[in-house]
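# Architecture at a glance
Residues per chain, in single letters:
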Amino acid sequence: QVQLVESGGGLVQPGGSLRLSCAASGTIASIDTMGWYLQAHGKQRELVSTLNSGDTTTYADSVKGRFTISRDNAKITVYLQMNSLNPEGTAVYYCNADLKRRLGGPTYRYWGQGTKVTVSS
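Here the structure is a predicted model, which means the values were calculated and not measured. (Residues numbered from 1 in each chain as written. Predicted model: local features only at pLDDT ≥ 70, side-chain atom pairs only at ≥ 80, totals over all residues. Heavy atoms only, no water.)

## Details of the pairing of strand S8 (residues 77–82)
A large share of S8 lies buried, amounting to 5 of its 6 residues. As defined by bridge partners, strand S3 (residues 18–26) adjoins S8 across 6 bridges and the pair is classed as antiparallel. Paired with Ala23 across the strands is Thr77, a residue of S8. Taken together, the 6 bridges between strand S7 (residues 67–72) and S8 define a ladder with antiparallel strand orientation. By the bridge assignment, Thr68 is partnered in S8 with Gln81. Hairpin remark: S7 followed by S8, antiparallel, with 4 residues in the connecting loop; positive phi at Ile76, about 50 degrees. (Buried < 20%, exposed > 50% of the residue type's maximum accessible area, 1.4 Å probe, protein only. Helix = DSSP H or I, 4+ residues; strand = E, 2+ residues; numbered from the N terminus. Pairing = 2+ DSSP bridges.)

Following this line, the structure appears as structure tokens:
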């Protein structure tokens, strides 16, 4: 079994910052990519940022220069530092991981339960 647990969401004023965390646990042999997605109310889930095992990052155009993805391999945790937040950032943020549960095995995608971020004055 694999679990992804997000934390760090909350209420923040426009222009403020938050750091989200996503900790993975369970039977994990290797992780190919971890990423963050957001889903605003009534809208589809969309990509925010990804970080792969080769340290290549991707960012949605809307967050470039404001958000930074990073990870702690020892803790099997990925972070999303979000700066200069605006009300359009109000959403539930989900973490995912593409990982193998055994060496040479298939890659599966897992999702966390989400953490809510509200940007409002």
